[in-house]
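Spelled out, the chains give:
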Amino acid sequence: MESKTAQVESADTNASKSDHVNSSTEDIRSTSQPTLAGTIQQSYKILGYCLALTAGILLYGYDLVIVNNVSSMPQFQRDYGRELKGQLITPSVWLSLWSVAGPIGGLFGAIAGGVVQDRVGRRLSLAIASFISAVAVAVLYVSNLPTEINDRRAIFLVAKLVQGFAVYMVVCTAETYMSEVLPTMLRGPTLALFPIFTLVGQFVGSVVVRNALHTPGARGYLNCFLSQWPFSALSLLVSVLVPESPTYLIRKSRLDEALKAQRRLDTAKVDSLAKIQQLRASAQLAEQESAGYRECFVGVNRRRTIIVLFVNMIPNLLGITLLAKASYFLQIIGMSANKSIMMLQVIIGLGLAANIFSFWTLSRFGRVPLIIISLSIIAFLWLGMGISGCFDGTVNVWYSAVTFCLVVVASGTGAWPATYAVGAETSSLRLRAKTQGLGWFVNCLSTGVAGLVLPYIFNPDQGALISKTGFLFFASCVVAAVVTWFIVPEMKARTPAEIDRMFENRLPTKEFRRWSPEMDEVTVTLGA
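This structure is a prediction, so every number in the text was calculated from the model and none was measured.

Analysis parameters
Residues numbered from 1 in each chain as written. Predicted model: local features only at pLDDT ≥ 70, side-chain atom pairs only at ≥ 80, totals over all residues. Heavy atoms only, no water. Helix = DSSP H or I, 4+ residues; strand = E, 2+ residues; numbered from the N terminus. Contact = heavy atoms within 4.5 Å. Areas by Shrake-Rupley, 256 points an atom, 1.4 Å probe, with all protein chains shown as cover. Core = buried A, V, L, I, M, F, W, Y, C linked by side-chain atoms within 4.5 Å. Buried < 20%, exposed > 50% of the residue type's maximum accessible area, 1.4 Å probe, protein only. Axes fitted to C-alpha atoms, helices over the stretch in contact; angles between N-to-C directions. Parallel < 35°, antiparallel > 145°, perpendicular 65-115°, else oblique. Left-handed = near helix turned anticlockwise from the far one by under 90°. Patch = residues over 30% accessible without salt bridge, like charges linked within 9 Å, V, L, I, M, F, W, Y side chains within 5 Å. Salt bridge = Lys/Arg side-chain N within 4 Å of Asp/Glu carboxyl O. Polar contact = N/O pair within 3.5 Å; in protein donor to acceptor, adjacent residues only side chain to side chain. pLDDT = per-residue confidence, 0-100. Phe/Tyr/Trp six-rings, centres within 6.5 Å; stacked < 30°, edge-to-face > 60°. Lys NZ or Arg CZ within 6 Å of the ring centre and 35° of its normal. Nonpolar A, V, L, I, M, F, W, Y, C, P; charged D, E, K, R; others polar. Disulfide = S-S within 2.5 Å.

1. Description of the overall build of the chain
- Looking only at helices and strands, the chain features 27 helices and two strands.
- Partitioning the intrachain contacts of the chain with sequence separation of at least 6 by distance along the chain shows that 81% fall at a separation of at least 24.
- Of the roughly 20,600 Å² that the chain leaves accessible, carbon and sulfur atoms contribute 65%.

Have a look at this one:
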């Protein structure tokens, strides 16, 4: 083991003698990238581990559907809701509180995830969050035991706060891990697994909720709560099986373990020692020990952090929060409970197919064009639903349902998965865990605000806008597209070293796409 350490230290010493040599090495690597098929062949083990990490994303998606749609079950409405004009509903105040509870817990979970990851590692962070999730499920399961309805509602609220903390800590950790171990060419397509497996979790959850409709008494929704345990257990198992992130181990100066972890990630044909050398040289990981959240807002890091925070708001700006409430929304505009949950499954299935297709769109097109074009299409779809909401009747019900289907397709092929790629590419390796924590913090905040406000906008006992809510998302999509155009640079197929240099050079947003490493070389030569 000592010889391995000496080998890594020697390689790192030689590599750090000249910053010019380091950047040239990165540039050569970036201009001689293998094909997509070749990269997959060399990195199939990394892809396997990233696929295993999607267990945490499944938990995230499954939790979203169970919580947001269990409120559409008649028995749940009897035990936790009230009757209004002969119809069982969930009161807006409690629907809002339950919707916002997960994101509020997630605010703390995302920030805690960034800190815990850098303290104890990515694997242990995932394990801790998975265990907390299992505890939250147990509290959900017993929330109907009190005789007072407000006590039941309050316990359900507390359980959702804890569950939100755990789930967002899981996804924050998973995204950090993936972004650290994936090669450049696979970064965008693989990070598209986040919306894909979020939708898979939602689809499984919608099937469970629909089947539970036919289960008599409280057993139906209790089975829905209980079904969350296997997902927490699976995420806990994955934390045991995956190797630790070499980036984290290098930061802790555990070079032998970093090399061992890298070899577990690599195939036999890959030079793992060279990868460890590049990580130390290009990312300056030895300084990461002192990195804190404040540093994310200092110097050039401020611009990078603002971009990450903004793209994490885009899913909520395009209407993902409303799509998650599709079954309840369709019920209040006149669709039956069974048909509304069936439509939710159709919506999720279309979204899943669209996000799978995004593997191709993300590898073929730039991130920024995908985001802007899909946001523009979604804006006009929401505008059409808002106009249909001005007319009552069956046409409005089915027009709204079709709009949900088209919105999820447009977002799934473009803006939704592209935001994950942009968020991972923008942050520096040295501040990645902290920046991802801040990104998920803002994601939680925007989800929480949307979850709190939306029921008051569309629910019959408050704003009663119903389908006219489409006008709101039309406006938010237009704003998101305009801001994307001005502040989000194109970073597709760029290495971390190239992205660092472009931000350090303070390039204008539109210059990122045209910049090349040779441009820096010319500047240095002229200066000399």
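After that view, the rundown keeps rolling.
2. A few points about the nonpolar core
- In terms of nonpolar packing, the biggest core is built from 121 residues, with Trp382 and Phe404 touching the most fellow members.
- Other than its neighbours up to four places away in sequence, phenylalanine 404 contacts Leu322, Leu323, Ala326, Phe329, Leu330, Ile347, Trp382 and Met385.
- In terms of nonpolar packing, the next biggest core, distinct from the first, is built from 10 residues, Tyr248, Leu249, Leu273 and Ile276 among them.

3. Section: the packing of helix α21 (residues 367-388) against helix α25 (residues 470-487)
- At their nearest, the axes of α21 and α25 sit 7 Å apart, and the two run at 165° to each other. With respect to α25, the element α21 is oriented roughly antiparallel. As α21 packs across α25, the resulting crossing turns out to be left-handed. Residues Val368, Ile371, Ile372, Leu375, Ile378, Ala379, Phe380, Trp382, Leu383, Met385, Gly386 and Ile387 of α21 touch α25, and the partners they reach there are Gly470, Phe471, Phe473, Phe474, Cys477, Val478, Ala480, Ala481, Thr484 and Trp485.

4. Structural notes on a nonpolar patch on the surface
- A contiguous nonpolar surface patch, about 450 Å² in accessible area, is contributed by Val93, Leu445, Val449, Leu452, Val453 and Tyr456.
- Broken down by element, the residue count for the nonpolar patch peaks at five residues, all from helix α24 (residues 432-458).
- Looking at the secondary structure, you find tyrosine 456 in helix α24.

5. Here we look at the side chain of serine 232
- Along the chain, serine 232 falls in helix α12 (residues 229-241).
- At a separation of 2.8 Å, a polar atom in the side chain of serine 232 contacts the side chain of serine 133.
- Excluding residues within four positions of it along the chain, serine 232 makes contact with Leu59, Ser130, Ser133 and Ala134.

6. A closer look at the environment of valine 181
- Considering the arrangement of structural elements, one finds valine 181 in helix α8 (residues 149-181).
- Exposure remark for valine 181: the relative accessible area of 8% places this residue in the buried category.
- Residues valine 181 and glutamate 244, spaced 63 residues apart in sequence, show a C-alpha to C-alpha distance of 10.0 Å.
- Once you skip the residues sitting within four places of it in the chain, valine 181 turns out to touch Ile46, Cys50, Pro246 and Leu265.

7. Notes on the pattern of salt bridges
- Per the stated rule, a full pass over the model turns up 10 salt bridges.
- Among the ionic pairs, glutamate 511 bridges to arginine 514, the shortest N-O distance being 2.8 Å.
- The structure contains a network of salt bridges with shared partners spanning Asp118, Arg122, Glu180, Arg251 and Lys434.

8. Side note on the confidence of the model for the chain
- The share of residues in the chain with pLDDT of 70 or more is 88%, and the mean pLDDT across the chain is 83.
- A low-confidence stretch, residues 13-32 (pLDDT under 50), is modelled with 21 contacts involving residues beyond four sequence positions or located in other chains.
- Contacts of residues 523-528 to residues separated by more than four positions or lying in other chains number zero contacts, the stretch itself having pLDDT below 50.

9. Notes on unusual backbone geometry
- Despite not being glycine, serine 253 has its phi angle at roughly 60°, a positive value.
- Checked against the element boundaries, serine 253 lands in the loop between α13 (246-251) and α14 (255-265).
- Classification of serine 253 as exposed rests on a relative accessible area of 58%.
- At alanine 493, a position not held by glycine, the phi torsion is positive, near 65°.
- Residue alanine 493 is classed as partly exposed on the basis of its relative accessible area, which comes to 38%.

10. Looking at the packing of aromatic side chains
- Here the structure, examined in full by the defined rule, presents 26 aromatic pairs.
- On the basis of an interplanar angle of 15° and a centroid distance of 4.3 Å, the ring pair of phenylalanine 76 and tyrosine 80 is categorised as stacked. In this pair, phenylalanine 76 and tyrosine 80 both sit in helix α5 (residues 74-80), four residues apart, roughly one turn of the helix. Accessibility assignment for this pair places phenylalanine 76 and tyrosine 80 in one class, buried.
- Taking the centre distance of 6.0 Å and the plane angle of 70° together, the rings of tryptophan 382 and phenylalanine 404 count as edge-to-face. One end of the pair, tryptophan 382, is in helix α21; the other, phenylalanine 404, is in helix α22 (residues 394-413), and 22 residues separate them in sequence.
- Looking at phenylalanine 404, the relative accessible area reads 0%, which means it is buried.
- Here the aromatic cluster, defined as three or more aromatic residues joined through ring pairs, consists of Phe76, Tyr80, Trp94, Trp98, Phe156, Tyr221 and Phe225.
- Over the face of the ring belonging to tyrosine 293 we find lysine 434, whose NZ or CZ atom lies 5.9 Å from the ring centre.

11. Things to note about the packing of helix α16 (residues 300-311) against helix α23 (residues 415-426)
- It is the contact of α16 with α23, at a shortest axis distance of 9 Å, that shows an interaxial angle of 160°. Our classification of the angle between α16 and α23 gives roughly antiparallel. As α16 runs across α23, the sense of the crossing is left-handed. Contact with α16, carried on its side by Arg304, Ile307, Val308 and Val311, involves Thr419, Val422, Gly423 and Thr426 of α23 and no other residues of that element.
- A per-class count over the contact of α16 with α23 returns four nonpolar, three polar and one charged.

12. Describing the environment of phenylalanine 473
- You can see phenylalanine 473 is positioned in helix α25.
- Taking the C-alpha atoms as reference points, phenylalanine 473 and leucine 381, 92 residues apart in sequence, are found 9.4 Å from one another.
- Beyond its immediate chain neighbours, meaning those up to four positions away, phenylalanine 473 contacts Asn316, Leu317, Leu318, Gly319, Leu322, Trp382 and Leu454.

13. Focus on the side chain of threonine 435
- Assignment of secondary structure puts threonine 435 in helix α24.
- A polar contact of 2.7 Å, which involves the side chain of threonine 435, links it to the backbone oxygen of leucine 431.
- For threonine 435, the residues in contact, after removing those within four places along its chain, are Cys296, Val308 and Ser427.

14. What to know about the state of the cysteines
- One pass over the structure, following the stated rule, counts zero disulfides.
- Unpaired in terms of disulfides, cysteine 172 finds its nearest cysteine sulfur in cysteine 444, a separation of 9.0 Å.
- Residue cysteine 172 is classed as buried on the basis of its relative accessible area, which comes to 0%.

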